[in-house]
Every structure is written in structure tokens, then in C-alpha cells.
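Summary of the model geometry
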Amino acid sequence: EPTITTVYNVVVKNKNGCVAEDSIEIRVKSVIRVFIPTAISPNNDGINDVFYIQTDRNVTRINKLVIFNRWGDVQFSIEDTPPDDPAYGWNGRFGEQKTNTPAVFVYLAVVTLRDGRQLTYKGDITVVYSVTVYLRFCYRNFADYLVFYFEAGCRLCSAEIFCACFCSDFFSHR
């Protein structure tokens, strides 16, 4: 069961000295699955914290992964690493400094396939730190109506995100 395109040669010889030979080429067409995320949120919640290349068994090495900011400065660079390992990925930082977010970066990745070919991938990645949101359920009793409403806002900057209200005819439901 070849994993790459292979030629098999067969030579046979009978007891009278007659020789026959033949060859067959087995072509293996692989579907190459490479997943490169378009966004990360490196806030240490365990979800999408690291930008790394995820692949199937057809990719054997990440030859190069370079991430640039919008001015073309290198923010992150690795060479000759295994695929599918977040330990070799980018955590959204430049050294020990957090990136200003939200921000868009571009990447260049070169991977090696198990048949020896190299593929180049280019794209962009957005880095966003998620916002912690609070949700509060409130009500007020105004004579004939009981008013329910929700308030939500950002715990970091106290900005109000939305307020959804609905009313109930309090006395008609007694």
C-alpha cells in the first residue's frame, strides 16, 4: 500500500530461460487538508489562544511560518517544526508584549508533504481579545405594569452594550 506514487517492476524467468518483465505505476492522489485559522483570541481561556497550522497525515513538516504586522515587521517566525502542535504556534504577542487589538496580521507558511513537495500558503489573521460581558435581569413595578429588562455591558470598560425591555400587564394576570 504505497503512500506516494510508486512504480513496481517485475522480472520473471522460467526454467527454460525465457524472461518476461513488466512494470506498473500506482498513482496515489492525496487530498491535502491544511487548516489555518483566520482569527485567534489569545486571552488564555483555552479556546483559539494560539495560531498554528493543523493538517492531516499528508503534511510532514512546517518548513516556515512567518507572521508580519501591517507595516511588514516580523512579529513571529519559526522554521522546521512539526504540524498540529500548538507549542510551535503564535500566541498573539511580539516578544512579551501584547498586540494592540483588534489587529490584522499576514502570514506566510511553507509546508512539506510526505511525497516531498512543498506548498506555500499566504493569508491574514485577526487577533482579538474577547470581552467579558455581564448580564443583569431587572424588573420594576409601575402601577399597572411590571416591566422586565436586561442590561448588558463590558466589565472592562463599563460600556453598555444593549438593553432589551418587555412589559407585562401585571394586574391582568392575577
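Notes on the structure in this doc start here. No experiment lies behind these values; they were computed from the predicted model shown.

**With respect to the overall build of the protein chain**
- Looking only at helices and strands, one finds zero helices and 14 strands in the protein chain.
- Split into buried and exposed, the 174 residues of the protein chain put 26% on the buried side.
- Long-range contacts, defined as pairs at least 24 residues apart, comprise 40% of the intrachain contacts of the protein chain with a sequence gap of at least 6.
- Total accessible area on the protein chain is roughly 12200 Å²; 52% of this is exposed by carbon and sulfur atoms.

**Let's talk about the nonpolar core**
- F51, I53, L65, I67, W90, F105 and Y107 are the most contacted members of the largest nonpolar core, which has 20 residues in total.
- Those elements giving two or more residues to this core turn out to be strand 6 (59-68), strand 7 (74-81), strand 10 (103-113) and strand 11 (118-127).
- Per element, the largest residue contribution to this core is six residues, and it comes from strand 10.

**Digging into unusual backbone geometry**
- A positive phi angle is found at N44, which is not glycine, with a value near 65°.
- One can find N44 in the loop between strand 4 (39-40) and strand 5 (54-55).
- Residue classification places N44 among the exposed positions, given a relative accessible area of 71%.
- With a phi angle near 65°, D84 is a residue other than glycine that sits in the positive phi range.
- With respect to the secondary-structure elements, D84 resides in the loop between strand 7 and strand 8 (93-94).

Rules used in this analysis
Residues numbered from 1 in each chain as written. Predicted model: local features only at pLDDT ≥ 70, side-chain atom pairs only at ≥ 80, totals over all residues. Heavy atoms only, no water. Helix = DSSP H or I, 4+ residues; strand = E, 2+ residues; numbered from the N terminus. Buried < 20%, exposed > 50% of the residue type's maximum accessible area, 1.4 Å probe, protein only. Contact = heavy atoms within 4.5 Å. Areas by Shrake-Rupley, 256 points an atom, 1.4 Å probe, with all protein chains shown as cover. Core = buried A, V, L, I, M, F, W, Y, C linked by side-chain atoms within 4.5 Å.

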